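Summary of structural features
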Amino acid sequence: MMAFLRHTAELLPERNDNVAVEVKSLNRSEHRNRRGRKFGRITREKWLILAAVLFLIYSAVLGIKILFLGKMDGGISTSLPVQEEIKRVDELDVKKQGNYKHRRKYPPCEVAFSESVDHLVEPKNFMNFTQFSLDYVEREEKSFGEISRFGGQQTLEEREKSFYARNQKLHCGFVKGPEGFPSIGFDLDANDIIYMNTCKVVVSSCIFGNSDFLRRPTSKRAHAKISEYAKKNVCFVMFVDEQTLSKLSQEGNIPDDGGYIGLWKIVVVRNLPYKDMRRTGKVPKFLSHRLFPSSMYSIWLDSKMRLQTDPLLILEYFLWRRRSEYAISNHYDRHCVWEEVLQNKRLNKYNHSAIDDQFKFYQSDGLMKFDPSDPNNPIPSYVPEGSFIVRAHTPMSNLFSCLWFNEVDRFTSRDQLSFAYTYLKLRRMNPDRPFFLNMFKDCERRALAKLFRHRALPSLSPAP
């Protein structure tokens, strides 16, 4: 039973002032009528002037507001070509939906998992992919300001060199500032670090900013039920901040003496490295090889999903059976980065100017539109559904994860915008060093876990 894990059996894993109208000359009706008519004219003139002034003030304020929003996070671009293109995409969306009266549904499909974990054996020489050595920048000796950054101060020249799959030392988060600088964030308890260093296979997720409910791994399907072997030998780690932990406790989800809620080992992160909760969530999402340095495999699960399949069956199906070192599903609806850019703007997912800057940079470095008719496409889609990622911690998988994280750290936190660029550039710069990435169908992702809606969206951050 799971020969490659046998040696890990010890592991555990949001006036009336009475309006005193003094009529002193009630008997002088004619004079009163004349004054009334004159007063009426003056009143109408004053009201017209007042209305005009208010309109001018409103117009000025509205103009400033539109300009301001165009520059702030989530702002609306006033560029006419962009508006026309977004309108065109909206019209295409309507045509796609056809006569559907409700939101389109994307059902799961059958996945041919093995019957059980009892006889699973890691394929011989499975980890024998492209080999090289990676080391990580732990501290920067010079400062570019008074505050250090979690992702470090990577220059464009260093960024370019980091895409080569070779022995190197690169930025990959957790970069301390010079001596005397404060913590860069993502601070963990020493006992949690010790526990995480023992993990060989990891299922991890996170909830920051109280953005979701806690969803415990479970399954009603007998053939995919999470096995006792997996419960004992796979680490299930949920990263939370103190705000989320407090909310979970109020809802009755209180960690036991060992720090567990069900299968989840609750690891509290203090001093979050980013104000943007989405960007903070990319740390455990992309950097599992750094958080769990002894692990051979990891599965990332977004907090909006409840795992309902044994993680060892997932490894066998998506990695071992396909001889892949990284697996992620395609997006359920969009496949071109151009479409993803417009969708992010249309839904105000991030600062429009920041999205434009990132997109222009990528185009200038060779990013092309996805052509679904091209039989030579290296992957079936340029837009992933990144809520479920399966990884072997190989050198190339670790390098890709660092590179993708660095793009999210440098540009916007919308990782679907940077996936294709990162993958294609890594592939282009290393033609003789393959990266075995399995982009599977979205319907298969939906078969692995039950999807829910987020409790609330994390707060957006201003543009970097």
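Here the structure is a predicted model, which means the values were calculated and not measured.

Residues Phe186, Phe239, Leu399, Trp404, Phe419 and Leu437 are the most contacted members of the largest nonpolar core, which totals 65 residues. The contacts of Leu399, once residues within four sequence positions are left out, are Phe132, Leu134, Ser162, Tyr164, Ala165, Gln168, Leu170 and Leu426. Counting residues in each nonpolar core, the second largest holds 43 residues, with Phe129, Val201, Leu312 and Phe318 among its members.

This paragraph deals with the pairing of strand β6 (residues 264-268). Looking along a regular strand, one sees the side chains alternate between the two faces of the sheet. In terms of burial, β6 is a largely internal element, five of the five residues being buried. Because side chains alternate across β6, one face comprises the buried residues Trp264, Ile266 and Val268, and the other comprises Lys265 and Val267, equally buried. Relative to β6, strand β4 (residues 235-240) is paired through four bridges, and the arrangement is parallel. Among the inter-strand pairings, Phe239 is bridged to a residue of β6, identified as Val267. Note that strand β5 (residues 260-261) and β6 share two bridges and pair antiparallel. Looking at β6, one finds that Ile261 is bridged to Trp264. Hairpin connection between β5 and β6: a loop of two residues separates the two successive antiparallel strands, and Gly262 in this loop has a positive phi of roughly 65°.

As a further point, take empty space enclosed by the protein. Volume-wise, the second largest cavity comes out at about 40 Å³. For the second largest cavity, the full set of lining residues is Ser204, Pro284, Lys285, Ser288, Ser298, Ile299, Trp300, Ile389 and Arg391. Among the elements that line the lining of the second largest cavity, the one with the most residues is strand β7 (residues 297-301), at three residues.

Attention shifts here to helix α11 (residues 352-364). End to end, α11 covers 18 Å across 13 residues, agreeing with the expected 18 Å (1.5 Å per residue, within 8%). Along α11, the positions that sit buried rather than exposed are His352, Ala354, Ile355, Gln358, Phe359 and Tyr362. Buried positions in α11, seen along its axis, are confined to an arc of 160° and lie on one side of it. α11 presents Asp357, Lys360 and Ser364 as exposed residues on the side facing more than 90 degrees away from its buried surface. Residues of α11 that are buried in the fold lie against α3 (156-161), α10 (337-346), α12 (395-410) and α13 (419-429). Just beyond α11, the residue with positive phi is Gly366, at close to 105°.

For the rest of this paragraph, the subject is the packing of α12 against α13. Between two packed helices, the angle of one axis relative to the other and the distance separating the axes together describe the packing. Relative orientation of the contacting elements α12 and α13 amounts to 135°, with a least axis distance of 10 Å. By the angle between their axes, α12 is oblique relative to α13. As for the relative orientation of α12 and α13, their crossing is right-handed in sense. Residue-level inspection shows Met396, Leu399, Phe400, Leu403, Trp404 and Glu407 of α12 in contact with α13, the latter providing Phe419, Tyr421, Thr422, Tyr423 and Leu426. In terms of residue class, the contact of α12 with α13 is built from nine nonpolar, one polar and one charged.

Moving on: the sheet that holds β6. Sheet strands pair by backbone hydrogen bonding; their relative direction is either parallel or antiparallel. Spatially, the eight strands line up as an open sheet ordered β5-β6-β4-β3-β7-β10-β9-β11, and their pairing is mixed. The open sheet terminates on both sides in strands that have one partner only, identified here as β5 and β11 (437-440). The strands that α12 touches are β9 (326-330) and β10 (384-392); relative to β10, the one it contacts most, it runs at about 145°.

Right, let's talk about the packing of aromatic side chains for a bit. Taken as a whole, this structure holds 33 aromatic pairs when the rule is applied. Between the aromatic rings of Phe400 and Trp404, the centroid separation amounts to 5.6 Å while the plane-to-plane angle is 45°, which identifies the pairing as tilted. Of this pair, Phe400 and Trp404 both sit in helix α12, four residues apart, roughly one helical turn. Residues Phe400 and Trp404 agree in their burial class; the two are buried.

The next point concerns helix α7 (residues 277-286). Burial analysis of α7 places 10 of its 10 residues in the buried class, which makes it a mostly covered element. On its buried side, α7 packs onto β3 (201-207), β4, α8 (288-291), β7, β10 and α12. With a side-chain oxygen lying 2.9 Å from the backbone nitrogen of Arg278, the N-terminal cap of α7 falls on Asp276.

Under the counting rule described, the total for this entry stands at three disulfides. Here Cys109 pairs with Cys443 through a disulfide, and the sulfurs are 2.2 Å apart. Looking along the S-S bond of the Cys109-Cys443 disulfide, the torsion reads about 75°, which is the right-handed sense. Residue Cys109 is located in the loop between α2 (80-97) and β1 (134-136), and its partner Cys443 is located in helix α14 (residues 442-448); the two are separated by 334 residues in the primary sequence. Given the relative accessible area of 25%, Cys109 is considered partly exposed. Note on cysteine connectivity: Cys199 is disulfide-linked to Cys235, with sulfurs 2.1 Å apart. Between Cys199 and Cys235, the disulfide has an S-S torsion of -100° and is therefore left-handed. Residue Cys199 is found in the loop between α4 (190-196) and β3, and its partner Cys235 is found in strand β4; the two are separated by 36 residues along the sequence. Sequence-ordered numbering of the bonded cysteines in the chain yields a pairing of 1-6, 2-5, 3-4.

With that out of the way, let us pick up the side chain of Ser211. Here Ser211 shows up in the loop between β3 and α5 (228-233). At 3.2 Å, the side chain of Ser211 and the backbone oxygen of Phe208 are in polar contact.

Cut-offs and rules
Residues numbered from 1 in each chain as written. Predicted model: local features only at pLDDT ≥ 70, side-chain atom pairs only at ≥ 80, totals over all residues. Heavy atoms only, no water. Core = buried A, V, L, I, M, F, W, Y, C linked by side-chain atoms within 4.5 Å. Buried < 20%, exposed > 50% of the residue type's maximum accessible area, 1.4 Å probe, protein only. Contact = heavy atoms within 4.5 Å. Helix = DSSP H or I, 4+ residues; strand = E, 2+ residues; numbered from the N terminus. Pairing = 2+ DSSP bridges. 1 Å grid on protein atoms, 1.4 Å probe; cavity = no way out; pocket = protein on both sides within 12 Å on 5 of 7 lines; lining within 4 Å. Points joined across faces, edges and corners; volume = space filled by probe spheres on them. Expected span 1.5 Å × (residues − 1). Arc of directions from axis to C-beta. Axes fitted to C-alpha atoms, helices over the stretch in contact; angles between N-to-C directions. Parallel < 35°, antiparallel > 145°, perpendicular 65-115°, else oblique. Left-handed = near helix turned anticlockwise from the far one by under 90°. Nonpolar A, V, L, I, M, F, W, Y, C, P; charged D, E, K, R; others polar. Phe/Tyr/Trp six-rings, centres within 6.5 Å; stacked < 30°, edge-to-face > 60°. Polar contact = N/O pair within 3.5 Å; in protein donor to acceptor, adjacent residues only side chain to side chain. Disulfide = S-S within 2.5 Å.

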